[in-house]
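Coordinates in review
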Amino acid sequence: MLSEKTDIHTLSKAHLVEWLEARGIAAFRATQIRKWLYSAQMDSFAEMTNIKKDIRMLLSEHFVSCRLEVEAVETSRDGCRKFLFRLADGNRIETVLLPERTHDTLCISSQVGCAQGCRFCLTSRLGFIRNLTAGEIVAQVRDVKHLLGPGNTLTNIVFMGMGEPLANYSNVRIAMETLTDEQAGMGFSPRKITVSTAGLIPRMADLVRDTRTQLAVSLNAVDNETRSRLMPVNRKYPLDTLLEACWALPLAPRRKITFEYILMGGENDSEDHAHRLAKLLRPEKAKINLIPYNPHQGCGSRRPEEETVLRFQHILLNKRFTTNIRMSKGTDISAACGQLHARCAPEAA
């Protein structure tokens, strides 16, 4: 059921301070409230014992602290876990916990559905339904940490789930402030958060200016004809324009752009494609993540042979690019890159 009250997690710290001060309440209370919400994982304002009773009552009158409804959890044979979350309006999103050797990474969603129409991504089949609020973005992290319990090793976040993060930039930025706030938020290192984009150039500059998080650009082709077929956004921001914008970004020292390249058998995975990719990215010696395509019904593309992927990587390594093969986890539960779908429309829709 939708509440008439505002989910307090949708507010940035600055907005909460403004709301409190407008009612004659000192700004430091915002830090106290947010510590209860994010460090103590508290949902009841009544239990915020170091805050005056009249302030707690005022908060209860205007706000709620919402959690997402866990509708299903699937566990892959490789340990990956996919959470199906039901939102207050009945829509659904998927969030994926990826276990690593020394830590866990959470792949979170930023929209219900997606408007980008990338041919290799199952989420695009849904079309765009709506943006997630900042509170819904943060809730994926807050709630998974709560479900994992004390001693969890969740240290990394990737905005690589459902949706295009930079198309929902205002809410993503507010969520990022909460996720990285060490004093009154979730305390994640910005270096451990990566935002992946199909290449929305104006917002790429905003992200670099406003945050210290990592930027990943989904490239996936070495010519405009192929990229436009795979990613319609290329018709608005073609390769030369996109790469020119990437090289112009005011990156801090040691901060690099990661380029993601999904290898699809017989389409973009030849030795010639590897050499052309190296030539495109030569100006900056960028970092490259190679992602073997994860098949899903109806796409028509196929996964490349392992030998082809290794040969592609070898060419790039010889050109002195930092090149990793990102082997997707959770393919058996449709939790891998490009496979999120979420059965997300509410029943009444």
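So, here is what we can say about the structure in this document. Note that the structure is a prediction, hence the values are computed from the model and not measured.

This part is about the overall build of the protein chain. Check the secondary structure of the protein chain and you find 10 helices and 14 strands. For a compact globule of 349 residues, the expected C-alpha radius of gyration is about 20 Å, and the protein chain comes in at 21 Å, within 12% of that figure. Taken along its principal axes, the extent of the C-alpha atoms in the protein chain is 70 × 45 × 40 Å. Burial statistics for the protein chain: of 349 residues in total, 54% are counted as buried.

Across all of its chains, the model carries 22 salt bridges by this definition. The residue Arg-67 makes a salt bridge to Asp-43 at a minimum N-O spacing of 2.8 Å. With a gap of 24 residues between them, Arg-67 in the loop between strand E2 (63-64) and strand E3 (69-75) and Asp-43 in the loop between helix H2 (28-39) and helix H3 (53-62) connect regions that are remote in the sequence. By relative accessible area, which is 27% here, Arg-67 ends up partly exposed. With its nearest N and O atoms 3.2 Å apart, the salt bridge here joins Glu-267 to Arg-229. Of this pair, Glu-267 sits in the loop between strand E12 (258-263) and helix H9 (271-281) while Arg-229 sits in helix H7 (residues 224-230); the two residues are 38 residues apart in sequence, bridging distant segments of the chain. By relative accessible area, Glu-267 is classed as buried at 18%. A single network of salt bridges, built from pairs that share partners, joins Asp-43, Arg-67, Arg-142 and Asp-143.

With that settled, the discussion passes to the sheet that holds strand E13 (residues 287-292). Read across the open sheet, the 10 strands follow the order E3-E4-E5-E6-E9-E10-E11-E12-E13-E14; overall the sheet is mixed. A strand with exactly one partner marks an edge of an open sheet, and here the two such strands are E3 and strand E14 (322-325). Within the sheet, the average angular offset between the axes of one strand and its neighbour, ignoring direction, is 25°. Both strand E11 (residues 214-218) and E12 contribute to a ladder of three bridges, which runs parallel. Each residue of the ladder has a partner; that of Ala-216, found in E12, is Thr-258.

Using the criterion set out here, one finds four aromatic pairs in the structure. On the basis of an interplanar angle of 5° and a centroid distance of 5.9 Å, the ring pair of Phe-83 and Phe-85 is categorised as stacked. Accessibility classification places Phe-83 together with Phe-85 in one group, the buried group.

Within the secondary structure, Met-48 sits in the loop between H2 and H3. A residue is classified by how much of its surface remains accessible, and Met-48, at 0% relative accessible area, is buried. Between the C-alpha atoms of Met-48 and Phe-120, which are 72 residues apart in sequence, the distance is 47 Å.

Cut-offs used in this document
- In this convention, every chain numbers its residues from 1, walking through the sequence in written order.
- Since the coordinates come from a predicted model, pLDDT governs what is reported: local features require at least 70, and pairs of side-chain atoms require 80 or more to be given and counted, while whole-chain, interface and lining totals use all residues.
- Hydrogen atoms and water are omitted, and side-chain values are computed over all heavy atoms in the structure.
- For helices the rule is a DSSP run of H or I covering at least 4 residues; for strands it is a run of E covering at least 2, with both sets numbered from the N terminus onward.
- Radius of gyration: C-alpha atoms only; globule rule: 2.2 Å multiplied by the number of residues to the exponent 0.38.
- For each residue, the accessible area found with a 1.4 Å probe, counting protein chains only, is set against the maximum for its type, and the residue is called buried under 20%, exposed over 50%, and partly exposed in between.
- Salt bridges are identified by distance alone: a Lys or Arg side-chain nitrogen within 4 Å of an Asp or Glu carboxyl oxygen.
- A pair of strands counts as paired when DSSP detects no fewer than two bridges linking them.
- For helices, the axis comes from a line fit to the C-alpha atoms of the stretch in contact; other axes are also lines fit to C-alpha atoms, and the angle between any two N-to-C directions lies between 0 and 180 degrees.
- Under the pairing criterion, centres of Phe, Tyr and Trp rings, with the six-membered ring standing for Trp, must be within 6.5 Å; the plane angle then separates stacked pairs below 30 degrees from edge-to-face pairs above 60, leaving the rest tilted.

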